[in-house]
Amino acid sequence: YYSTRGNGKSYSFGEAVTKGLVPDGGLFMPEAFPVNNLTFDELTALTMHERITHLLYPFVKTDFTLDGFSTIVRKVFNFPCITQILSENLSVLELFHGPTLAFKDFGARFLANVLAALPRQGQKQCVILVATSGDTGSAVANAFSETEGIKTVILYPKGKVSRIQELQLTTFDKNITAFEVQGTFDDCQTLVKQAFLDAEINERYFLSSANSINIARLLPQAMYYVESALLRKGHAKDTVFVTPSGNLGNLTAGLFARNILHAQWQFTAALNNNWMFEEFLQTGVLSPRKSVETYSNAMDVGNPSNLERIKNMYGNAETVRQIVSAYHCSDEETLASIQEMYRKYSYLADPHTAVGYNGACKSMLVHKAKHHTVLSTAHPVKFDTVIEKALGFSPEIPDRLKGILMKNKHSIEILPDYQIFKENLVSVIA
Ligand SMILES: *Cc1c(COP(=O)(O)O)cnc(C)c1O
């Protein structure tokens, strides 16, 4: 792995995962995308676990044996991704069949299992520290709840995550501590950043982050693009993948998959009213702005961190534009898209997926002959108040979630103040 800031150094997979961010401030990128040497038919003949092990092993081989890695793959990918075909030129790739009902389970589970299997960093207690606006925290809490020897601390803004998300953050007893911050997501993020800069904390603990700049979150996400493309066999080259985007991690993973398979797919980034990436494609410049709140709040990002990787892969906006387009929509259009998908296809989509559908409809005007595959990033039940607003009813709670509704919430409520956070942090992980 090398740094997007070009410091000339080379890092192993293990280093890239444990550091998260390159010390020079850059992001880790694979030095090569080992092009898969099997044909589509040969890949299809493998089981999903064999295929993923075959395609990802070259990225981790400095740190794992093939057997050891294959065990991790079987543990991580223990739920399906399901393609729903809505019409001849439109399908939905459902990525929410994991334990916390959002696609972030793929990345969080891979990261947790890989970190647990890598050698410990000295004698210090390893602590994962994450600020979340909802989905990241629930996926990370779930993924690390069974990981021995690693403690996880999650900060979320009080009253700003959905009921299901809050239960998913606060109902684990061991290994996970949730701080309920009386403030915004940005306040949570600031507390996390202060902790990472605190010499005393770093002296005592080995801090690690689980956010989407970590390369271990992206690699597993590349695999569901492959799974979906294999289903379409010979037609896969006519595919446009539509990725509802915020930090652009999911889109970057798709671009990785395109390189791994040497495929000709096109991509569309579907955005809400935070559409700085679309502006970047038009003008070649990204002007970071404070994010605005929308119904698809997991994509409320003002300065998408993975753009640095995309620029590194393609050089400039003009080259990116040959492969990737972007469309954005308002909250009203998001509601209208939820309604239209329900009316036309009897499909119940969460607001992020609906933004994807909206982007697909706009992209179809340009790529008329191509098949559009919309990535469905969350289960509608996670955003039930928006569904209620659009359709007048709430989605049914899946059976496997019912257990969580009976559990008791455990959180530590704090003011957004670093000293208060630090005292509590030290006492819970001590
Ligand atoms: C995180 C998230 C996104 C955005 O993904 P990025 O990788 O940050 O672009 C989209 N939808 C849902 C439901 C999410 O949780």
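Thresholds, definitions, all that
- Residues numbered from 1 in each chain as written.
- Predicted model: local features only at pLDDT ≥ 70, side-chain atom pairs only at ≥ 80, totals over all residues.
- Heavy atoms only, no water.
- Pairing = 2+ DSSP bridges.
- Helix = DSSP H or I, 4+ residues; strand = E, 2+ residues; numbered from the N terminus.
- Axes fitted to C-alpha atoms, helices over the stretch in contact; angles between N-to-C directions.
- Contact = heavy atoms within 4.5 Å.
- Near = heavy atom within 4 Å.
- Polar contact = N/O pair within 3.5 Å; in protein donor to acceptor, adjacent residues only side chain to side chain.
- Nonpolar A, V, L, I, M, F, W, Y, C, P; charged D, E, K, R; others polar.

1. Topic: the sheet that holds strand 12 (residues 371-376)
Sheet strands pair by backbone hydrogen bonding; their relative direction is either parallel or antiparallel. Ordered by their spatial adjacency, six strands build an open sheet running 3-4-12-9-10-11, and the pairing between neighbours is mixed. One side of each edge strand has no neighbouring strand; the edge strands of this open sheet are strand 3 (82-87) and strand 11 (324-328). Pairwise comparison of adjacent strand axes, ignoring direction, gives a mean angle of 25° for this sheet. The sheet contact formed by strand 9 (residues 239-244) and strand 12 spans four bridges and is parallel. Across the sheet, residue Val 242 finds its bridge partner in strand 12, namely Val 374. Here helix 15 (residues 331-345) sits on the sheet and contacts strand 3, strand 4 (90-94) and strand 11; the angle it forms with strand 3, its principal contact strand, is near 80°. Strands in contact with helix 16 (residues 351-364) are strand 4, strand 9, strand 10 (266-271), strand 11 and strand 12; relative to strand 12, the strand with the most contacts, it is inclined by about 165°.

2. Focus on the site of the ligand
Taken together, 15 residues sit near the ligand, with Lys 104, Asp 135, Gly 246, Asn 247 and Thr 377 positioned nearest. Here an oxygen atom of the ligand and a side-chain polar atom of Lys 104 are 2.5 Å apart. One of the backbone N or O atoms of Asn 250 is found 2.9 Å from an oxygen atom in the ligand. Residues that form the shell around the ligand fall into these classes: six nonpolar, seven polar and two charged.

3. Overview of the sheet that holds strand 5 (residues 125-131)
If you walk across this open sheet you meet the five strands as 8-5-6-7-13, and the pairing is parallel. Either end of the sheet is taken by a strand with one partner, and the two such strands are strand 8 (205-208) and strand 13 (412-414). Strand-to-strand, the axes of this sheet are offset by a mean angle of 25°, without reference to chain direction. As paired strands, strand 5 and strand 6 (residues 150-157) are joined by six bridges and run parallel to one another. Each residue of the ladder has a partner; that of Leu 129, found in strand 6, is Val 153. Helix-sheet contacts for helix 8 (residues 185-197) involve strand 5, strand 6, strand 7 (176-181), strand 8 and strand 13, and the interaxial angle to strand 5 is about 155°.

Keep in mind these values describe shape, not function.
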